[in-house]
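Structural overview for review
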There are 2 protein chains.
Amino acid sequence: MTFPFFYSDTPGPDNHIEHLDENAAKHIYQVLRMKKGDKINITNGRGMLATATIGEQRKKECIATLTDIVQVPAHPHAAEVAISLVKNAARFEWFLEKATEIGISSVVPLVCERTERVHFRKDRMHNIMVSAMLQSRQAWLPELSDPVPFAQWVSSPSLLVRCIAHCLQDQKKHFREMTSANKDIAIAIGPEGDFTDNEISRALDNKCTPVTLGETRLRTETAGLVAAALMRIQ
Amino acid sequence: MTFPFFYSDTPGPDNHIEHLDENAAKHIYQVLRMKKGDKINITNGRGMLATATIGEQRKKECIATLTDIVQVPAHPHAAEVAISLVKNAARFEWFLEKATEIGISSVVPLVCERTERVHFRKDRMHNIMVSAMLQSRQAWLPELSDPVPFAQWVSSPSLLVRCIAHCLQDQKKHFREMTSANKDIAIAIGPEGDFTDNEISRALDNKCTPVTLGETRLRTETAGLVAAALMRIQ
């Protein structure tokens, strides 16, 4: 199945007929110059992947008939990046795009003590992730939660093995060791200026494993991407 | 040495007095609000790392006296990413920034058969890499060469173990195996639309090892970043 990918969060409810919106229609008819009878893929970002045949060109929508539906299994292991928001929204959005391409399972935007206050545009971020999922031809969209305070994230119950990548000189494992030894992992990445001592203590109290991502000092979003690559590119 | 980092490609020739330019002076006096007697680090991007004391504020420059000079050893292993130029310059620049943070040793911009023609702004790219080096507090700047045709890169003599990350279904090693087994590595990343069959044959004829970066389809710049992370974050 190598047709162009499109997204719909409720495909196929209506007798296997799917209505794609104006943007999708424009892309199908004007950019890709597709015609009635050509095929596309449609996914709901939750594993459903359908093949569909596009219909007569209409104003402002594209009607497609689903001909084949499969459920793509999710990656067998959870990979969560809990990452401080950063002041420059474009940098955070880059991270979301790349982490989606790499195929992590969830992103938790963190508000740490040193996180600068930023406006969180969840709709825009969701759209960026959808585009990246389609571009990389995947059927699973990483979950994006609302921002949570770090203290809340680190103390909430979780089935994942949690790590914290802080910059203090300390006994730390390389994150690569953690990813090769554990199946379901979450890593917390701090803001510019690092986690506070208070946050680090709290993480250790909650059995987070302190880890390093190597010797160079990485920006927040770069650390997030490196962590995503180490979790998924095995 | 945790002072702010500055760049000069010829530090200390003149009796250990360094003249930093208007941009650096502005950053020192206006952004960081530093004063005479405060300390900074200066690197030449080729391993030299100096500590310097800043002098009296002047118009349009900052004069600093070097007090300590060390030579930081280069990373013991070469890590080269030869990567197709991409149409959207911001995406290529983003790759350069991140690859510099991660600390690879060289970037070779490739012109492949399917590479779209783009204007290559080497000065601008150099500046982006310098900023990333300073930001991540490193003393080595990755080498950035002029764009070369892929055929030339792949057939030129090299001491590095060369890999090619193409997307054809084929017997391929995971790049992670290559990085754990080899010391000095180069990887070629193709353009949108992949390398051509012709290019892949030529690479195999020249003993390039075909590799995969995992199961999801990555954009050119994301593949470059993932490769950089696998080479350096060991």
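Residues numbered from 1 in each chain as written. Chains lettered and ligands numbered in written order. Predicted model: local features only at pLDDT ≥ 70, side-chain atom pairs only at ≥ 80, totals over all residues. Heavy atoms only, no water.

Here's the deal with the overall build of chain A
Definition in use: Strands are runs of DSSP state E lasting at least two residues, helices are runs of H or I lasting at least four, and both sets are numbered from the N terminus onward. Residue burial is assigned from relative accessible area. The probe radius is 1.4 Å, only protein chains are included, and a residue is buried under 20% of its type maximum, exposed over 50%, and partly exposed in between. In this description, contact between two residues means that some pair of their heavy atoms is separated by no more than 4.5 Å. Neither His nor the chain ends is counted toward charge; the positive residues are Lys and Arg and the negative residues Asp and Glu. Throughout, a charge is located at the NZ atom of Lys, the CZ atom of Arg, the CG atom of Asp or the CD atom of Glu.
Summing up its helical and strand segments, chain A has seven helices and 13 strands in all. Here the C-alpha coordinates of chain A stretch approximately 65 × 35 × 30 Å along the principal axes. The buried share of chain A, reckoned over its 234 residues, is 52%. Partitioning the intrachain contacts of chain A with sequence separation of at least 6 by distance along the chain shows that 74% fall at a separation of at least 24. Each charge sign in chain A was given a centre, from 28 positive and 28 negative side chains, and these centres are 4 Å apart.

Focus on the domain arrangement of chain A
Residues and elements named next belong to chain A. Where we set the bar: Annotation comment: domain bounds sourced from an automatic or database domain assignment. What counts as buried area is the accessible surface, traced by a 1.4 Å probe, that two parts surrender upon association, with contributions from both included.
One can read the domain layout of chain A as domain 1 (5–71) and domain 2 (79–232). With centres defined by C-alpha atoms, the gap from domain 1 to domain 2 works out at 33 Å. Each side of the interface is counted separately: domain 1 has 10 residues, and domain 2 has nine residues. Between domain 1 and domain 2 the total buried area reaches about 720 Å² when both faces are included, carbon and sulfur atoms providing 73% of it. Among the residues of domain 1 in contact with domain 2, Phe5, Tyr7 and Gly45 are the three that bury the most area, contributing 67% of the side total.

Looking at the side chain of Glu221(A)
Within the secondary structure, Glu221(A) is located in helix α7 (residues 220–232). Among residues more than four places away in sequence, those in contact with Glu221(A) are Ile83(A), Arg91(A), Phe95(A), Glu97(B) and Lys98(B).

Description of the relation of the copies chain B and chain A
The line we're drawing: Copy-to-copy alignment: least squares on C-alpha atoms, limited to residues at pLDDT 70 or above in both.
The two copies are related by a screw operation: chain B maps onto chain A through 180° of rotation and 0.0 Å of translation along the axis, at an RMSD of 0.0 Å. Accordingly, the operation relating the two chain copies is best matched by a two-fold axis. Most of the interface of chain B is mirrored in chain A: 96% of its interface residues are interface residues there too.

A word on the pattern of salt bridges
How we decide: A carboxyl oxygen of Asp or Glu within 4 Å of a side-chain nitrogen of Lys or Arg is what we treat as a salt bridge.
This model, assessed by the stated rule, comprises 22 salt bridges over all chains. Lys98(B) serves as the salt-bridge partner of Glu221(A), at 2.7 Å between the closest nitrogen and oxygen. With Glu221(A) in helix α7 and Lys98(B) in helix α2 (residues 89–102), this residue pair bridges two chains. The same class applies to Glu221(A) and to Lys98(B), which are both buried.

Re the interface of chain B and chain A
Rules: By the criterion applied in these results, polar contacts are pairs of N or O atoms within 3.5 Å in which, for protein atoms, one can donate a hydrogen and the other can accept it, and in which residues neighboring in sequence qualify only through two side-chain atoms.
The partner chain A presents 26 residues to the 27 residues of chain B that form the contact. Of the roughly 2700 Å² buried at the junction of chain B and chain A (both faces included), carbon and sulfur atoms supply 54%. Counting the surface chain B buries against chain A, the share from its top three residues, Arg176(B), Arg217(B) and Ile233(B), is 25%. In this assembly, chain B and chain A are joined by six salt bridges. One salt bridge in this structure joins Glu97(B) and Arg91(A), with 2.6 Å as the shortest N-O distance. The interface formed by chain B and chain A contains 16 residue pairs in polar contact (both at pLDDT 80 or more). Broken down by secondary-structure element, the contributors of at least two residues to the side of chain B that touches chain A are α2, α5 (175–181) and α7 (220–232) of chain B. A per-element tally of the side of chain B that touches chain A places α2(B) first, with seven residues.

Overview of the pairing of strand β3 (residues 39–43) of chain A
On a regular strand, one side chain projects to one face of the sheet and the next to the other, so that they alternate. All names here are of chain A. We count it as follows: Pairing between strands is defined by DSSP: at least two bridges between them are needed.
For β3, the tally of buried residues reaches four of five residues, placing the bulk of the element in the interior. Direction of pairing for strand β1 (residues 5–7) relative to β3: parallel, over a ladder of three bridges. Counterpart to phenylalanine 5 in the pairing with β3 is asparagine 41. Note that β3 and strand β4 (residues 48–54) share five bridges and pair antiparallel. Bridge pairing links lysine 39 to threonine 53 in β4.

Examining the packing of aromatic side chains
Applicable threshold: Ring pairs are drawn from Phe, Tyr and Trp, using the six-membered ring of Trp, whenever the two centres fall within 6.5 Å, and their geometry is named by plane angle: stacked under 30 degrees, edge-to-face over 60, tilted for the rest.
Scanning the entire structure with this criterion turns up seven aromatic pairs over all chains. Aromatic side chains Phe92(A) and Phe95(A) sit 6.1 Å apart centroid to centroid with 50° between the ring planes, which places their arrangement in the tilted category. Residue Phe92(A) and its partner Phe95(A) are both found in helix α2 (residues 89–102); the two are separated by three residues, about one turn of the helix. Phe95(A) carries the same exposure label as Phe92(A), and that label is buried. When the ring of Trp94(A) is compared with that of Trp94(B), the centres are 5.1 Å apart and the planes differ by 15°; the resulting orientation is stacked. Note that Trp94(A) is positioned in helix α2 and Trp94(B) in helix α2, a pairing that runs across two chains. A connected cluster of aromatic rings, assembled from ring pairs, spans Phe150(A), Trp153(A) and Phe195(A).

What about the nonpolar core?
One recurring pattern in soluble globular proteins: nonpolar side chains tend to sit buried together. Applied cut-off: Working definition of a nonpolar core: buried Ala, Val, Leu, Ile, Met, Phe, Trp, Tyr and Cys residues. They are joined through side-chain atoms within 4.5 Å.
Counting residues in each nonpolar core, the largest one holds 86 residues, and the members touching the most others are Phe175(A), Ile187(A), Leu213(A), Phe175(B), Ile187(B) and Leu213(B). Apart from residues no more than four positions distant in its own chain, Leu213(A) is found in contact with Ala165(A), His174(A), Phe175(A), Ile187(A), Ile189(A), Leu218(A), Ala223(A), Val226(A), Ala227(A), Leu230(A) and Ile233(B).

Regarding the environment of Arg162(A)
Residue and element names in this part refer to chain A. Position of arginine 162 among the secondary structure elements: in strand β10 (residues 161–165). Given the relative accessible area of 11%, arginine 162 is considered buried. Once the C-alpha coordinates of arginine 162 and leucine 213 are considered, the two residues, 51 residues apart in sequence, prove to be 15 Å apart. Residue contacts for arginine 162: discarding those within four places in its chain leaves Trp153, Val154, Ser156, Ala186, Lys207, Cys208 and Thr209. In terms of polar contacts, arginine 162 uses its side chain to reach the backbone carbonyl oxygen of valine 154, at 3.3 Å. Only 2.8 Å separates the side chain of arginine 162 from the backbone oxygen of serine 156, close enough to count as a polar contact.

Looking at the sheet that holds β3(A)
Whether parallel or antiparallel, the strands of a sheet pair through hydrogen bonds between backbone atoms. Residues and elements named next belong to chain A. Filter applied, for reference: Helix axes are fitted only over the stretch in contact, all axes being lines through C-alpha atoms; the angle between N-to-C directions runs from 0 to 180 degrees.
With mixed pairing, the five strands of this open sheet are ordered in space as β1-β3-β4-β5-β2. The open sheet has two edge strands, β1 and β2 (17–20), and neither has a second partner. Taking each pair of neighbouring strands and ignoring which way they run, the sheet shows an average axis angle of 40°. This element, helix α3 (residues 122–135), spans β1 and β3 of the sheet and lies at about 155° to β1.

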